[in-house]
Amino acid sequence: MNTRSRFALSAMTAVLFLTGYMACTTDPYLGDNTSDPTDPNNPGGGGGDTTTVTTDPNACPEGTISFQKEVLPLLVSGCAVSGCHNAASHKEGVILETYAQVKSRVKAGNATSSKLYRVLSQGGGDRMPPPPYDAFTAEQKDLIKNWINQGAENTDCNPACNPANFGFAADILPIIKNSCNGCHSGTSPQGSVNLTDYNHIKGYVDNGSLLGAIQRQAGFNPMPPTGGPLSDCRIEQIRKWVDAGAPNN
Ligand code: HEC
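Conventions we followed
Residues numbered from 1 in each chain as written. Predicted model: local features only at pLDDT ≥ 70, side-chain atom pairs only at ≥ 80, totals over all residues. Heavy atoms only, no water. Donors = N, O, S within 2.8 Å, 3.2 Å for Na, K, Ca; no water. Tetrahedral: all angles 85-135°; square planar, octahedral: opposite > 155°, others 65-115°. Helix = DSSP H or I, 4+ residues; strand = E, 2+ residues; numbered from the N terminus. Buried < 20%, exposed > 50% of the residue type's maximum accessible area, 1.4 Å probe, protein only. Disulfide = S-S within 2.5 Å. Near = heavy atom within 4 Å. Polar contact = N/O pair within 3.5 Å; in protein donor to acceptor, adjacent residues only side chain to side chain. Nonpolar A, V, L, I, M, F, W, Y, C, P; charged D, E, K, R; others polar. Expected span 1.5 Å × (residues − 1). Arc of directions from axis to C-beta. Contact = heavy atoms within 4.5 Å. Axes fitted to C-alpha atoms, helices over the stretch in contact; angles between N-to-C directions. Parallel < 35°, antiparallel > 145°, perpendicular 65-115°, else oblique. Left-handed = near helix turned anticlockwise from the far one by under 90°. Phe/Tyr/Trp six-rings, centres within 6.5 Å; stacked < 30°, edge-to-face > 60°.

## Considerations on the coordination of the iron atom of the ligand
Then comes step 1: Distances from the iron atom of the ligand to its protein donors, H184 (NE2) and M223 (SD), fall within 2.0 to 2.2 Å.
Then comes step 2: Taken together, the 6 donor atoms coordinating the iron atom of the ligand span angles of 85 to 178 degrees at the metal, a pattern that classifies the geometry as octahedral. With H184 in the loop between helix 6 (168–179) and helix 7 (198–206) and M223 in the loop between helix 8 (209–214) and helix 9 (232–243), this residue pair connects regions lying 39 residues apart in the sequence.
Then comes step 3: Classification of H184 as buried rests on a relative accessible area of 10%.
Then comes step 4: Accessibility expressed as a relative area gives 26% for M223, which makes it partly exposed.

## Examining the state of the cysteines
Then comes step 1: For the structure shown, the criterion picks out 2 disulfides.
Then comes step 2: Note that C60 is cross-linked by a disulfide to C157, the S-S spacing being 2.1 Å. The S-S bond linking C60 to C157 shows a torsion near 90 degrees; that makes this disulfide right-handed. Placement of the pair is C60 in the loop between helix 1 (3–25) and helix 2 (67–78) and C157 in the loop between helix 5 (138–149) and helix 6, with a sequence separation of 97 residues.
Then comes step 3: Each sulfur of the disulfide joining C161 and C233 lies 2.2 Å from the other. Classification of the bridge connecting C161 and C233 rests on its S-S torsion, roughly -95 degrees, and on that basis the disulfide is left-handed.

## Quick notes on the site of the ligand
Then comes step 1: Within the structure, the ligand sits among 19 residues, and C180, C183, H184, N221 and M223 are positioned closest to it.
Then comes step 2: N221 has a polar backbone atom sitting 3.0 Å from an oxygen atom of the ligand.
Then comes step 3: Looking at side-chain class alone, the shell around the ligand contains 12 nonpolar, 7 polar and no charged residues.

## Quick look at helix 6
Then comes step 1: Given a rise of 1.5 Å per residue, 12 residues ought to cover 16 Å, and the 15 Å separating the end C-alpha atoms of helix 6 matches this to within 8%.
Then comes step 2: Along helix 6, the positions that sit buried rather than exposed are F168, D171, I172, L173, I175, I176 and S179. What you see down the axis of helix 6 is that its buried residues fit within an arc of 170 degrees, all on one side. Exposed side chains of helix 6 directed beyond 90 degrees from the buried face belong to A169 and A170.
Then comes step 3: On its buried face, helix 6 sits against helix 2, helix 7 and helix 9.

## Structural notes on the packing of helix 2 against helix 5
Then comes step 1: As a packed pair, helix 2 and helix 5 sit with axes 11 Å apart at the nearest point and diverge in direction by 125 degrees. When the interaxial angle is binned, helix 2 and helix 5 end up oblique. Considering only the axes of helix 2 and helix 5, their crossing is left-handed. Packed against helix 2, whose contacting residues are F67, E70, V71, L74 and L75, the element helix 5 presents Q140, L143, I144 and W147 at the interface.
Then comes step 2: A breakdown of the residues in the contact of helix 2 with helix 5 according to their chemical character gives 7 nonpolar, 1 polar and 1 charged.

## Quick word on the packing of aromatic side chains
Then comes step 1: If you walk through the whole model with that rule in mind, you get 4 aromatic pairs.
Then comes step 2: With centroids separated by 5.1 Å and ring planes inclined at 80 degrees, the aromatic side chains of F67 and Y99 adopt a geometry described as edge-to-face. Here F67, found in helix 2, pairs with Y99, found in helix 3 (residues 99–103); they are 32 residues apart in sequence, far enough to count as distant.
Then comes step 3: Through pairs of rings, three or more aromatic residues link up here, namely F67, Y99 and W147.

Laid out in structure tokens, this is it:
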């Protein structure tokens, strides 16, 4: 990546970070006259601010799939793993870490004639991701199919995420499935870290490394290692779940 696109990317990330932050720290259920001094949209506190932002300005329009927040994390986890299609290994010249690299493998608007989608759907030993990694689920394949059929654009809106919801089955496990299990599943998970079910995940909650890794705390390996951190809202959901004792609910 050249310096200019690197700069553009960090500027974009900063904007995303800010909008994501606003979206996730604004409680849509608070009335207009609440004056929370910790509310970034209400810096003065106590002023009866009536301009509180109640919706995420960067929320995905109904039905729109976010390339940056949904598709790329899935591909980075499932395909850009070490030894496969990351910059260091680039098997068969295929790297799947950025929009441009992914875009070059798809036919916008036509999933069934897109190489990227076809390799995910084919059966047998040629399927991607290959064994021992878990195959993409039908839901994950549909996400990619729909994104291609929507025009394969570099969308970076925020998928619906409410930090007030943090149930294990409904909220936490889907995050891990989409952003982590590409590397942390199968018979030889990366770093020997298996994150496929509650009991395994709970072990990394208890030793502090799950939060340490996703919050990029010093002393832990930042996770996911490529493709940027989880959104603030997702990190918030996981943090609240951990704080609540990480129940298997
Ligand atoms: C592209 C592959 C990949 C993805 C995606 C990935 N990891 Fe990892 N993870 C690794 C590797 C490799 C290690 C071993 C440490 C290292 O070499 O960085 C690791 C280590 C870890 C550790 C131990 C960290 C430590 O410092 O002790 C945890 C916990 C972890 N990952 C959680 C996650 C979570 C949660 C996600 C999803 C949000 C995730 N990982 C996504 C590859 C990945």
